[in-house]
Amino acid sequence: MKTIHDFPRFPLCAGPTPLQLLPNLSRKYGRQIYIKRDDMTGVGLGGNKVRKLEFLLTDARARGADVVFTTGGAQSNHAMLTAACCAKLGMKAVLFLKERGVTEEKGNLLLDRLLGAEVRFVDTDDYGEVYAQMDRLAAQLRAEGHVPYAIPLGGSTALGVLGYVAGMEEAYGQGTAMGISFDHTVCVCGSGGTTAGVVLGTHLYSPGTRVLAVAVDDQPFDQIVADLVQGALALLERTGEAVPPPEIRSHVGEGYGIPGPEVTAAVEELARLEGIFLDPVYTGKAFAEVLSLLREGKFPGERILFLHSGGAGGLFAVDLP
Ligand SMILES: *Cc1c(COP(=O)(O)O)cnc(C)c1O
């Protein structure tokens, strides 16, 4: 068997991110609510993708890559953080972004430009079409002597999942140092890799903790997450090990990337009680779900860890109703 420490990893995260008690929120709801500040991973505006990119871009470098492709929506946090990490590593980033949603040069698209990434808009809803375009450009670049490396949507591959196995080792280690363990860890599920890493990291480092994932898109996440967990287990030479699945709750609202008024309320609540900003597309929806569960009386007497996965750029592009 292997551990995550057997995998080479160029350090992109600026050291451990803070794990903090949210005192005012905890008092208000009568639970102990903690937050893991992965909005402070130290590259770009911070966010969860940096942890995946530590493994993925180390692999890219080992293969001699000089150009990195990835994809996402027009305001993709993942694409922006890929561009930021590539800048740091001296690689060129080409972002294949769906020409959907907010395509004006603000929010993450502005940052993509500042980071020197090449943005190629793709007028399709089908990622199969996007990957076909990537393949065509990859062939062309290879013929010119370049070494391209493609990262799929959200960096959600088996190798990317190891980023959150590492993230949870860090978080639960911080909990142990503070003398606490968690009853529930809550994360956002967008493409599934973070949830898979949280699930596997919890199984390995805090098996008594239950995982609740809040899905912000309509996808068959039970299967997607289970497959990613199995892929990561195979990398760790633990194939077939039984890992408890997460509870997945859906909070999509009107659609991926479209926040409802409850998201505005959740973003305001955390800002006004604790001075922390959530985002309109991912963490705001997940936190709105957590607040509604708290109001319904879920998690009685529990200690809860909320994973803040970043997304600040979205606040400057996506209108909160
Ligand atoms: C990408 C993203 C997520 C979802 O992570 P996945 O690994 O794609 O499921 C959550 N929060 C933010 C801010 C993100 O950018």
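Numbering of residues starts from 1 in each chain and follows the order in which that chain's sequence is written. Two thresholds apply to this predicted model, a pLDDT of at least 70 for residue-level local features and 80 or more for giving and counting side-chain atom pairs, whereas whole-chain, interface and lining totals are computed over all residues. Remark: hydrogens and water are excluded; side-chain values derive from all non-hydrogen atoms of the structure.

Things to note about the pairing of strand β4 (residues 92–98)
Part 1: Buried, partly exposed and exposed residues are distinguished by accessible area as a fraction of the type maximum, computed with a 1.4 Å probe on protein chains only: under 20%, between the cut-offs, and over 50%, respectively. Strands are runs of DSSP state E lasting at least two residues, helices are runs of H or I lasting at least four, and both sets are numbered from the N terminus onward. Of all seven residues making up β4, six are buried, and the element is well covered by its neighbours.
Part 2: Taken together, strand β3 (residues 67–72), helix α3 (residues 77–89) and β4 constitute a β-α-β crossover, and its handedness is right-handed.
Part 3: Think of it like this: strands point away, you trace from the first strand over the helix to the second, and a clockwise trace means the crossover is right-handed. What joins β4 to strand β5 (residues 118–122) is helix α4 (residues 108–114), and the crossover it makes is right-handed.

Focus: the side chain of Asn-77
Part 1: Structurally, Asn-77 can be placed in helix α3.
Part 2: Sequence-distant contacts of Asn-77, defined by excluding residues within four places in its chain, comprise Asn-108, Tyr-282, Gly-311 and Gly-314. Contact criterion: two residues are considered in contact whenever any of their non-hydrogen atoms come within 4.5 Å of each other.

Structural notes on the site of the ligand
Part 1: By nearness alone, 16 residues border the ligand, and Lys-49, Lys-52, Ser-191, Thr-194 and Ser-309 come closest of all.
Part 2: Between the ligand and Asn-48 there is a distance of 3.1 Å, counted from an oxygen atom to a side-chain nitrogen or oxygen.
Part 3: Here Gly-193 contributes a backbone N or O atom positioned 3.5 Å from an oxygen atom of the ligand.
Part 4: Its free accessible area being 380 Å², the ligand has 98% of it covered by the protein chains.
Part 5: The pocket and cavity definitions rest on a 1 Å grid over protein atoms only: a 1.4 Å probe that fits but cannot leave marks a cavity, an open set with protein on both sides within 12 Å along at least five of seven lines marks a pocket, and residues lining either have an atom within 4 Å of a point. Just a note on the criterion: a molecule sits in a pocket or cavity if more than half of its atoms are within 2 Å of the grid points. More than half of the atoms belonging to the ligand lie within 2 Å of the grid points that define the largest pocket. When at least one non-hydrogen atom of a residue lies within 4 Å of a molecule or strand, that residue is treated as near it. Contacts described as polar in this section are N or O atom pairs within 3.5 Å, which, within protein, must combine one atom able to donate a hydrogen with one able to accept it, while residues neighboring in sequence count only if both atoms come from side chains. Shrake-Rupley sampling with a 1.4 Å probe provides the accessible areas, and residues are treated as covered by the protein chains on show and by no other component.

Section: the packing of aromatic side chains
Part 1: Ring pairs are drawn from Phe, Tyr and Trp, using the six-membered ring of Trp, whenever the two centres fall within 6.5 Å, and their geometry is named by plane angle: stacked under 30 degrees, edge-to-face over 60, tilted for the rest. In total, this model carries six aromatic pairs according to the counting rule given.
Part 2: Measuring from centroid to centroid gives 5.5 Å for Tyr-34 and Phe-182, while their planes differ by 75°, and the two rings are edge-to-face. Linking Tyr-34 in strand β2 (residues 32–37) with Phe-182 in the loop between α6 (158–177) and β7 (184–189), this pair joins segments that are 148 residues apart in sequence.
Part 3: On the basis of relative accessible area, Tyr-34 is assigned to the buried category, the value being 6%.
Part 4: Among the residues examined, Phe-182 registers a relative accessible area of 3% and is labelled buried.
Part 5: A network of ring pairs unites the aromatic residues Tyr-34, Tyr-172 and Phe-182 as a single cluster.
Part 6: Criterion for a charge above a ring: Lys NZ or Arg CZ within 6 Å of the ring centre, and within 35 degrees of the ring normal. It is Lys-2 that lies over the ring of Phe-7; its NZ or CZ is 5.3 Å from the centre.

Side note on helix α10 (residues 283–295)
Part 1: Helix length check: α10 (13 residues) gives 18 Å between terminal C-alpha atoms against 18 Å at 1.5 Å per residue, within 8%.
Part 2: With eleven of 13 residues buried, α10 is to be regarded as a mostly interior element.
Part 3: Turning to α10, its buried residues are Thr-283, Gly-284, Lys-285, Ala-286, Phe-287, Ala-288, Glu-289, Val-290, Leu-291, Leu-293 and Leu-294.
Part 4: Directly after α10, the chain includes Gly-297, whose backbone phi takes a positive value near 95°. Helices are assigned an expected span. That span is 1.5 Å times one less than the residue count.

Some remarks on helix α2 (residues 49–62)
Part 1: Here α2 spans 19 Å end to end across 14 residues, near enough to the 20 Å set by a 1.5 Å rise per residue.
Part 2: Burial within α2 is extensive, with twelve of its 14 residues counted as buried.
Part 3: Buried within α2 we find Lys-49, Val-50, Arg-51, Lys-52, Leu-53, Glu-54, Phe-55, Leu-56, Leu-57, Thr-58, Asp-59 and Ala-60.
Part 4: Immediately beyond the C-terminal end of α2, within one or two residues, lies Gly-64, with a positive phi of roughly 80°.

Section: the pattern of salt bridges
Side chains bearing opposite charge may pair, as long as their charged atoms lie close to each other.
Part 1: Only one rule defines a salt bridge in this text: a Lys or Arg side-chain nitrogen within 4 Å of an Asp or Glu carboxyl oxygen. Under the defined criterion, the tally for this structure stands at 21 salt bridges.
Part 2: The closest approach of N and O atoms between Arg-51 and Asp-38, which form a salt bridge, is 2.7 Å. Highlighted residues: Arg-51 in helix α2 and Asp-38 in the loop between β2 and α2, separated in sequence by 13 residues.
Part 3: With relative accessibility at 1%, the residue Asp-38 sits in the buried group.
Part 4: Here Arg-249 ties to Glu-289 by a salt bridge, and the two come within 2.8 Å at their closest N and O atoms. In this pair, Arg-249 sits in strand β9 (residues 247–250) while Glu-289 sits in helix α10, placing the two residues 40 residues apart along the sequence.

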